[in-house]
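Structure assessment
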Amino acid sequence: MGIPSASQQLAAQLAERYVGRSPQAAGSVLDLIGGTPLVRLSHIEPPGIEIWAKCEFCNPGGSVKDRPALQMVRDALADGRLTPDKTLIDATSGNTGVAYSLVGAALGIRVKLVMPANVSAARKQITSAYGTELVYSSEMEGSDGAIRMVRELVAADPARYFYPDQYSNESNPRAHYLGTGPEILALVGDRLTHFVAGVGTSGTVMGTGRRLREHRRPDGGRVTVVAVEPDDAFHGLEGLKHMASSIVPAIWRPDEAVDRILPMSTEEGWEVTELVKEREGLFIGHSAGANVAGALHLARELQQAGQTGCIVTVLCDRGDRYFVPLKWERRYEW
C-alpha cells in the first residue's frame, strides 16, 4: 500500500474524532443557557501545556452574559424586587443588553437599556429587534457614562424600574459560581492548574474564580486564577475595563478570588483574535482574544519554567457580533 495522501490522513483524523452529540430537549430558551462546551486550542498551545476554552458564544444569546442576566432576573423575581408592573433597566456595553432582552422576551418582562452610542451596530439592532427600548449615552464616556445615566433615570422614577445593576449585583458572580465553575471542573477536574478571564463587570472571573479556588487537586495544589485587564485607559478591547480609570464595580473584590492581574494591550488582544481564527477556526470577539492571549502568556511562562499545566479561559462571544448587520425590519424592498 502507498502512503496515504494528506486528504486521506485528514479524513481518517476527522473520522476518529467524530462524536455524535445527543440532541437536547428544552421547555424554554432559558433552559439552553449554560452547559457550554470546552474546546481545546491544540493548534496554538505550546508542547506540554493544555489550553482549553469555554465556548460561551454557544449560549442562546450568543455570549457569556446570558448566565448573569438570567440569574439576576431569577433572583429578583424570587425575592419580589422585580414584579410584572416594573421595567428592567440597566447600563450595558452590549452583550448583557442582548441577554436581558432575550430573558425579558422569554418571560414577558419589559426591558430598557442605556448603552454608549458607539456600541457595535449588531448589539444595538439585536436588542431593539427584541422590542427593547434603547437610550444612548455619550460615546466619549464609555460604560461609565451609561452607568451615570441609568442612575439618573432610576432616581427620577424609582417606582417604575427594577435596576439590577450588573456591576454591583452579587447574582452576577453567583451565576458563574453555580454554573461556569462546576462545569469546568466536571470536564477537566483535577488536571486544571490555571483559569484566565478578562475583567468587565468582573462577574465571570470573580464567580468562577471563587469556585475554582475551592477545588484541590490530588497533589494538594489549587487553581491559580488570573484576571486580564486592558493595559491602558484608552483601549480597544470592548467589554473589558481598565479599573484605574473606571468606576470600579462593587463586585470586583480581587482579594477574594484572583491571584494575579495580567495587563493586556489592545494590539496583542486583536492579534491573538486573528491567530485563533486562522489556526483554530474559531471566529471570536476581541475580549475573547485577550483572554486567549492571557492563557498563552501563562503557557509560555510554565514552559520556560519546565512545568506542565492545564489552562482554561473563556470565549465571551463570536466575532460576528461586531459586524454591521442588515437592519431588522418587518418589510423589505427588493
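A short tour of the structure in this document, coming up.

1. Some details on the side chain of Glu56
Looking at the element boundaries, Glu56 is found in the loop between strand E2 (49–55) and helix H2 (66–79). In this structure the side chain of Glu56 is engaged in a polar contact, spanning 2.5 Å, whose partner is the side chain of Thr36. Within polar-contact distance, the side chain of Glu56 engages the side chain of Asn59 at 3.0 Å. With residues up to four places along the chain from it excluded, the contact list for Glu56 reads Thr36, Gly62, Ser63, Val64, Arg67, Val314, Leu315 and Cys316.

2. A word on the packing of H2 against helix H3 (residues 95–107)
For the pair H2 and H3, interaxial distance at closest approach is 8 Å and the crossing angle is 45°. As summarised for this structure, H2 and H3 are arranged oblique, according to the angle between their axes. Where H2 crosses over H3, the two elements pack in a sense that is right-handed. Packed against H2, whose contacting residues are Asp66, Ala69, Leu70, Met72, Val73 and Leu77, the element H3 presents Ala99, Tyr100, Val103 and Leu107 at the interface. Along the lines of polarity and charge, the residues of the contact of H2 with H3 split into nine nonpolar, no polar and one charged.

3. A look at the environment of Leu237
Here Leu237 shows up in the loop between strand E8 (224–230) and strand E9 (260–264). The exposure class of Leu237 is buried, given its relative accessible area of 0%. Taking the C-alpha atoms as reference points, Leu237 and Thr266, separated by 29 residues in sequence, lie 5.9 Å from one another. Setting aside residues no more than four positions away along its own chain, Leu237 makes contact with Pro230, Met264, Ser265, Thr266, Gly269, Trp270, His286 and Ala290.

4. As for the sheet that holds strand E5 (residues 133–137)
What the four strands build is an open sheet, ordered E5-E4-E3-E6; its pairing is parallel. Of all the strands in the sheet, the pair left with one neighbour each is E5 and strand E6 (161–162). Bridging between strand E3 (residues 87–91) and strand E4 (residues 111–116) involves four bridges; their strand directions are parallel. Residue pairing in the sheet places Leu88 in a bridge with Val111 of E4.

Rules and cut-offs
- Residues numbered from 1 in each chain as written.
- Predicted model: local features only at pLDDT ≥ 70, side-chain atom pairs only at ≥ 80, totals over all residues.
- Heavy atoms only, no water.
- Helix = DSSP H or I, 4+ residues; strand = E, 2+ residues; numbered from the N terminus.
- Polar contact = N/O pair within 3.5 Å; in protein donor to acceptor, adjacent residues only side chain to side chain.
- Contact = heavy atoms within 4.5 Å.
- Axes fitted to C-alpha atoms, helices over the stretch in contact; angles between N-to-C directions.
- Parallel < 35°, antiparallel > 145°, perpendicular 65-115°, else oblique.
- Left-handed = near helix turned anticlockwise from the far one by under 90°.
- Nonpolar A, V, L, I, M, F, W, Y, C, P; charged D, E, K, R; others polar.
- Buried < 20%, exposed > 50% of the residue type's maximum accessible area, 1.4 Å probe, protein only.
- Pairing = 2+ DSSP bridges.

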